[in-house]
Amino acid sequence: MRQLQEEFINDIAVVTMADDLTQNDYLEAREYFNNRFIAAEIRYLILDCELLKDPPSIAYGVFCSLNRDFIRAGGRMAIIHISAQVKMIMDRIHVTEQLSLYATQAEAMDALKG
């Protein structure tokens with residue numbers, strides 16, 4: 001998986017998802033995030049999806065799997081800046097029932113630590 005933009009705010013990792021990630025990138029994403037963050041005892045993750053316009057279908061399953069991984073590790077994951085089109089797809093396939101979606105980074109940070 002290619003390198004993504006990362007920022008650390010206290011003990012929260014904020015990762016900007018690129019729009020040009022391929023299906024293969026998403027196949028590698030779960031292992032990448034587990035090794036990069038959970039193994040390093042970083043238990044809180046915010047995925048910034050502002051650039052995400054048309055993700056491959058596998059992305060939705062990866063988001064749900066990552067969310068479960070962080071919960072099992074004693075942490076939480078949040079997703080921010082989802083476009084209306086992507087949210088509509090997430091609603092249609094019932095992914096929003098499994099994920100925490102927020103409009104802003106500040107809202108997500110408050111929810112993760114609250």
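Everything numeric here is computed off the predicted structure, so don't read it as measured data. (Residues numbered from 1 in each chain as written. Predicted model: local features only at pLDDT ≥ 70, side-chain atom pairs only at ≥ 80, totals over all residues. Heavy atoms only, no water.)

Undergrad: Which parts of the structure should I look at to understand the sheet that holds strand β5 (residues 101–102)?
TA: Sheet strands line up and pair through hydrogen bonds in the backbone, either parallel or antiparallel. One open sheet holds the 5 strands; their spatial order is β1-β2-β3-β4-β5, and the pairing between them is mixed. Each edge of the open sheet carries a strand with a single partner, namely β1 (5–9) and β5. Both β1 and strand β2 (residues 12–16) contribute to a ladder of 5 bridges, which runs antiparallel. Residue pairing in the sheet places glutamate 7 in a bridge with valine 14 of β2. In this fold helix α2 (residues 58–72) packs onto β3 (44–48) and β4 (76–80), with an angle of close to 145 degrees to the strand it touches most, β4. (Pairing = 2+ DSSP bridges. Helix = DSSP H or I, 4+ residues; strand = E, 2+ residues; numbered from the N terminus. Contact = heavy atoms within 4.5 Å. Axes fitted to C-alpha atoms, helices over the stretch in contact; angles between N-to-C directions.)

Undergrad: Help me understand helix α1 (residues 23–38) in this model?
TA: Note that an α-helix has 3.6 residues per turn; residues three or four places apart therefore point the same way. Here α1 spans 22 Å end to end across 16 residues, near enough to the 22 Å set by a 1.5 Å rise per residue. For α1, the principal kink sits at alanine 29 and spans about 40 degrees. Within α1, the full set of buried residues consists of Asp25, Tyr26, Ala29, Tyr32, Phe33, Phe37 and Ile38. (Expected span 1.5 Å × (residues − 1). Bend = angle between axes of the 7 residues up to and from the residue. Buried < 20%, exposed > 50% of the residue type's maximum accessible area, 1.4 Å probe, protein only.)

Undergrad: Got a minute to help me understand unusual backbone geometry in this structure?
TA: When glycine is set aside, most residues are seen to have a negative phi, and most peptide bonds are trans. One non-glycine residue with positive phi stands out, namely asparagine 10, at about 55 degrees. Summarising the element assignment, asparagine 10 is placed in the loop between β1 and β2. Even without glycine at this site, histidine 94 takes up a positive phi of about 65 degrees. Structurally, histidine 94 can be placed in the loop between α3 (84–92) and β5. Its relative accessible area of 45% is what places histidine 94 among the partly exposed residues.

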